[in-house]
Amino acid sequence: MEPVNVAIIYYSATGTLHTLARAAAEGAEKAGANVRLRRVAETAPPAAIETNPAWVQHLRDAADVTEAGLDDLAWADAVLFGTPTRFGTPSTQIKAFIDATGPLWREGKLADKVYSAFTASNTAHGGQESTLLGLGNVFYHWGGIIVPPGYTDPVQFRSGNPYGTSHVSGGGPPDDVALEAARFQARRVVDTTAALKAGRAARSADR
Ligand SMILES: Cc1cc2nc3c(=O)[nH]c(=O)nc-3n(C[C@H](O)[C@H](O)[C@H](O)COP(=O)(O)O)c2cc1C
């Protein structure tokens, strides 16, 4: 069977989500998937970016990551979305990308794929779950198959978020637990998608 195609599509202003996205890409690759790591376009005005040196620096550091396009969604069997928490909701940048998917959605090309999401916030109760559940609304509308990590691996009892990998960035960059949770989440997405893909192939061969 063809390997699973996984797109990891994320936004990061100051690098936290970028680090988590790279860990997810590692996990997906190790699980045997073809992986596209993609950052969504920056939509904030330069004047806003320039107020934060870490934002300016990260834009430079991530310049070599290919920008996400609709073709990445069409290509993927599974998509992991990463976004910082912004007042308890996904960032404008990831939402701008999602809001451009109407044509694909209309053609039914977003349905039946596997979706999962990860996030970070500055504080421990800063809205991680509401952000992940907010992205989940989109996946429902697309007719997606949502694969959360749950408590299906020992790392989940340490990271503590069954909705998706999350990190409290106020304590520093993603630690080993967050990185392992991201790798695990991606692996679970790949394994579930591979099972679905094999089942669908067997079913169409029977017909
Ligand atoms: C406009 C804005 C809103 C934010 N809202 C929240 C929030 O509701 N809760 C929280 O804990 N952190 C909040 N944060 C902090 C970010 O979620 C946090 O720093 C995140 O880890 C940044 O990820 P990044 O380094 O990938 O950009 C906010 C940051 C900004 C700039």
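Just so we're clear, the structure is a prediction, and the values are computed from it rather than from any experiment.

## Quick look at helix α7 (residues 128–142)
Here is step 1: Under the 1.5 Å per step criterion, the end-to-end length of α7 is 22 Å for 15 residues, consistent within 8% with the ideal 21 Å.
Here is step 2: Q128, T131, L132, L135, V138, F139 and W142 are the residues of α7 that are buried. Angular distribution of buried residues about the axis of α7 spans 105°; they occupy a single face of the element. Facing away from the buried side of α7 by over 90 degrees, the exposed positions are N137 and Y140.
Here is step 3: On its buried side, α7 packs onto β3 (78–84), α5 (92–98), α6 (102–106), β4 (114–121), β5 (145–146) and β6 (166–168).
Here is step 4: Positive phi shows up at G143, right after α7, with a value of about 75°.

## Comments concerning the pairing of strand β1 (residues 5–10)
Here is step 1: The buried count for β1 comes to 6 of 6 residues, which makes it a mostly enclosed element.
Here is step 2: Of the two faces of β1, the one carrying N5, A7 and I9 and the one carrying V6, I8 and Y10 are both buried.
Here is step 3: Bridge count for β1 against strand β2 (residues 34–39) is 6 bridges, and the pairing is parallel. Its bridge partner being in β2, V6 is matched across the sheet by V35.
Here is step 4: In terms of handedness, the path from β1 via helix α1 (residues 16–30) over to β2 forms a crossover that is right-handed.
Here is step 5: The sheet contact formed by β1 and β3 spans 5 bridges and is parallel. In the sheet register, V6 faces β3, and the bridge partner there is A78.

## Digging into the site of the ligand
Here is step 1: The immediate surroundings of the ligand are formed by 18 residues, with S12, T16, S121, G126 and S169 found nearest.
Here is step 2: Secondary structure elements with two or more residues in the shell around the ligand: α1 and β4.
Here is step 3: Per-class residue counts for the shell around the ligand are 5 nonpolar, 12 polar and 1 charged.

## Describing the UniProt feature "domain: Flavodoxin-like" (unreviewed entry) in the chain
Here is step 1: Here, UniProt's "domain: Flavodoxin-like" (unreviewed entry) annotation points to residues 6–190.
Here is step 2: Taken end to end, residues 6–190 is 44% helix and 17% strand, and its two terminal C-alpha atoms sit 7 Å from one another.

## As for the pairing of β4
Here is step 1: For β4, a buried count of 8 out of 8 residues is recorded, marking the element as mostly surrounded by other parts of the structure.
Here is step 2: Residues V114, S116, F118 and A120 line one face of β4 and the alternating positions Y115, A117, T119 and S121 line the opposite face, and both faces are buried.
Here is step 3: Direction of pairing for β3 relative to β4: parallel, over a ladder of 7 bridges. Residue pairing for β4: P84 is matched across the bridge by A120.
Here is step 4: The sheet contact formed by β4 and β5 spans 2 bridges and is parallel.

Analysis parameters
Residues numbered from 1 in each chain as written. Predicted model: local features only at pLDDT ≥ 70, side-chain atom pairs only at ≥ 80, totals over all residues. Helix = DSSP H or I, 4+ residues; strand = E, 2+ residues; numbered from the N terminus. Expected span 1.5 Å × (residues − 1). Buried ≥ 20, exposed ≤ 12 C-beta atoms within 10 Å, placed from the backbone. Arc of directions from axis to C-beta. Contact = placed C-beta atoms within 7 Å. Pairing = 2+ DSSP bridges. Right-handed = clockwise from strand over helix to strand, strands pointing away. Near = placed C-beta within 6 Å. Nonpolar A, V, L, I, M, F, W, Y, C, P; charged D, E, K, R; others polar. UniProt positions renumbered as here; feature names shortened; annotations may be inferred.

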